Amino acid sequence: MMQTIVLPPVAQSFKTPWVEVDLGLLEQNISKMKASLNHTTSVIFVVKSNAYGHGLVPIAKSAVHAGIDWLGVAYLEEALELRQSLPQHVHLLVLGAVDAANTPILLDHRIIPVVVSKSHGLDFSHNAVRFDQSLPVHLKIDTGMGRFGIPWEDANHTLSGLLKDPGLKIQGICTHFSSVEPNHPKEAHEQVKRMSQIGAFSKGHLLRHVSNSRAFLNYPQWDFDAVRTGMALYGYGANEAERIQTQPILQWKTHVIQVKSVPANFPVGYYASYRTDTPTDIATVSVGYADGFPRLLGNRGHVLIRGQRCKVIGRVSMNWITVDVGHESGVDAGEEVVLIGKQGSASIWADEIAKKADTIPYEILTRIHPHAPRIYI
Ligand SMILES: Cc1ncc(COP(=O)(O)O)c(C=O)c1O
């Protein structure tokens, strides 16, 4: 016979990492973006991948409170989760390719997919017509990203058929930049030029959206009817921008588990990749690569303890890191450690970590373990 096991309550003095998100700052970031746009241009706030690690539903709710009425996700499942928790007026756009077999779900829950090819569009239409309905969709054009989307070369031809299709209510048209580099602007300009040669785009009857955060920040002339932005609203890439400045809204924190005073030449961590130069204190801190702390930060990264930058020494292990807190530091077990965020006048943000870990802040933020508790302030 199966026995139900009741798990005992666990004492929480050695806390695992957690995330703090400042929703007030998010609302400020949104207000700044909205204020910089023409009043006819919408913001489609990209909240895919658990709102870039910030937590899907609380971020979406707060954004809607700040006046956002379009949200972009990658998967139908994310849109369904949002539909349950948000007011009905909010438009939900799935930026990834949804299987057309899901047409009844899209219709029932008023979720808008993008059409990525002629056959994809026809499949949606076929399914919608069976329910005597037409499905609202946006057309996704591949103008140079080389990912999914209707190839720009055939777009006029492909769209002429789809636009007349009774099962589709084509409401928008979009593309995605492969790069937006103001120092090498050719590629992005070429993508916009290709888009402008498409009749359905140039006529201006549909909701036109091309810009991600970098395009929004650098090319106001490409705002069109909506900008499709994520990162700038989470507070990255726009701290020294001219158009608006936004601030990071997420902090990632944990605790010191143990502190030991060690002599010079003391080996630290797997394979003793670090040896102390002088006597010092080593703090073992509760975070590791399984929590999303990049392994590449071993012997390279920093964390904040008592408002000081402390170097990560030794390799990052699965659940713990070791940090040099300095000789006779006085640091104790249980003290707070900031992995991303600020403490006193010191700060470490995801873009700094990304550089050291040879990646981009998007990866740092989205890899913070989804089970880490998110606290909303
Ligand atoms: C299709 C699409 N549009 C917009 C965005 C938002 O980009 P950003 O966060 O740089 O503003 C993304 C992000 O990956 C995307 O995939």
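In what follows, the structure referred to is the one given above.
The text that follows walks through the structure, step by step, so that each part is easy to find. (Residues numbered from 1 in each chain as written. Predicted model: local features only at pLDDT ≥ 70, side-chain atom pairs only at ≥ 80, totals over all residues. Heavy atoms only, no water.)

1. Structural notes on the environment of methionine 231
- Its location among the elements puts methionine 231 in helix H11 (residues 231-234).
- Put simply, methionine 231 and serine 213 are 18 residues apart on the chain and 6.2 Å apart in space, counted from C-alpha to C-alpha.
- For methionine 231, the residues in contact, after removing those within four places along its chain, are Tyr52, Ser213, Tyr236, Pro361, Tyr362 and Leu365. (Helix = DSSP H or I, 4+ residues; strand = E, 2+ residues; numbered from the N terminus. Contact = heavy atoms within 4.5 Å.)

2. A look at the packing of aromatic side chains
- Per the counting criterion, the structure on display carries 7 aromatic pairs.
- Aromatic side chains tyrosine 219 and tryptophan 222 sit 4.2 Å apart centroid to centroid with 25 degrees between the ring planes, which places their arrangement in the stacked category.
- Residue tyrosine 219 is classed as buried on the basis of its relative accessible area of 9%.
- An aromatic cluster is built from Phe45, Tyr52, Tyr234 and Tyr362, whose rings are joined through pairwise contacts.
- A cation sits over an aromatic face here: arginine 147 above phenylalanine 148, 5.8 Å from the ring centre. (Phe/Tyr/Trp six-rings, centres within 6.5 Å; stacked < 30°, edge-to-face > 60°. Buried < 20%, exposed > 50% of the residue type's maximum accessible area, 1.4 Å probe, protein only. Lys NZ or Arg CZ within 6 Å of the ring centre and 35° of its normal.)

3. Comments concerning the pattern of salt bridges
- Under the defined criterion, the tally for this structure stands at 10 salt bridges.
- Ionic pairing is found between arginine 214 and glutamate 181, a salt bridge with its closest N-O pair at 3.2 Å. Here arginine 214 is found in helix H10 (residues 213-218), whereas its partner glutamate 181 is found in the loop between strand E8 (168-175) and helix H8 (186-196), with 33 residues between them in sequence.
- Glutamate 181 gets classed as partly exposed once you look at its relative accessible area, which sits at 35%.
- Arginine 306 serves as the salt-bridge partner of glutamate 335, at 2.7 Å between the closest nitrogen and oxygen. One end of the pair, glutamate 335, is in the loop between strand E17 (321-324) and strand E18 (336-343); the other, arginine 306, is in the loop between strand E15 (302-305) and strand E16 (308-313), and 29 residues separate them in sequence.
- A relative accessible area of 17% means that glutamate 335 is categorised as buried.
- A relative accessible area of 45% means that arginine 306 is categorised as partly exposed.
- Here the salt bridges share partners, and the residues they tie into one network are Glu20, Lys253 and Glu336. (Salt bridge = Lys/Arg side-chain N within 4 Å of Asp/Glu carboxyl O.)

4. A few points about the site of the ligand
- Among the 13 residues in the neighbourhood of the ligand, the closest are listed as Tyr52, Ser213, Arg228, Met231 and Tyr362.
- Within the contact set of the ligand, an oxygen atom lies 2.8 Å away from a backbone nitrogen or oxygen of methionine 231.
- Tyrosine 362 places a side-chain nitrogen or oxygen 2.5 Å from an oxygen atom of the ligand.
- For the ligand, whose unbound accessible area comes to 400 Å², protein coverage reaches 90%.
- Among the elements of the structure, helix H2 (48-52) and strand E10 (226-229) are those that each provide at least two residues to the shell around the ligand. (Near = heavy atom within 4 Å. Polar contact = N/O pair within 3.5 Å; in protein donor to acceptor, adjacent residues only side chain to side chain. Areas by Shrake-Rupley, 256 points an atom, 1.4 Å probe, with all protein chains shown as cover.)

5. Considering the side chain of threonine 229
- Structurally, threonine 229 can be placed in strand E10.
- For threonine 229, a relative accessible area of 0% gives the class buried.
- What threonine 229 contacts, discounting residues up to four positions off in sequence, is Met33, Val43, Ile44, Phe45, Val46, Ser211, Asn212, Ser213 and Phe216.

6. Topic: the environment of phenylalanine 216
- Here phenylalanine 216 is to be found in helix H10.
- Take phenylalanine 216: its relative accessible area is 0%, and that puts it in the buried class.
- A C-alpha to C-alpha distance of 9.4 Å links phenylalanine 216 and leucine 37, two positions 179 residues apart in sequence.
- Once you skip the residues sitting within four places of it in the chain, phenylalanine 216 turns out to touch Met33, Ser36, Leu37, Ser211, Asp223, Val227, Thr229, Arg243 and Ile244.

7. Observations concerning the pairing of strand E6 (residues 135-142)
- Counting buried positions along E6 gives 7 out of 8 residues, so the element sits mostly inside the fold.
- Direction of pairing for strand E5 (residues 111-115) relative to E6: parallel, over a ladder of 2 bridges. Bridging across to E6, valine 114 finds its partner in histidine 138.
- In terms of handedness, the path from E5 via helix H6 (residues 118-130) over to E6 forms a crossover that is right-handed.
- Here 2 bridges tie E6 to strand E7 (residues 150-151), and the two strands are oriented parallel to one another. (Pairing = 2+ DSSP bridges. Right-handed = clockwise from strand over helix to strand, strands pointing away.)

Coordinates in, geometry out; function isn't part of it.
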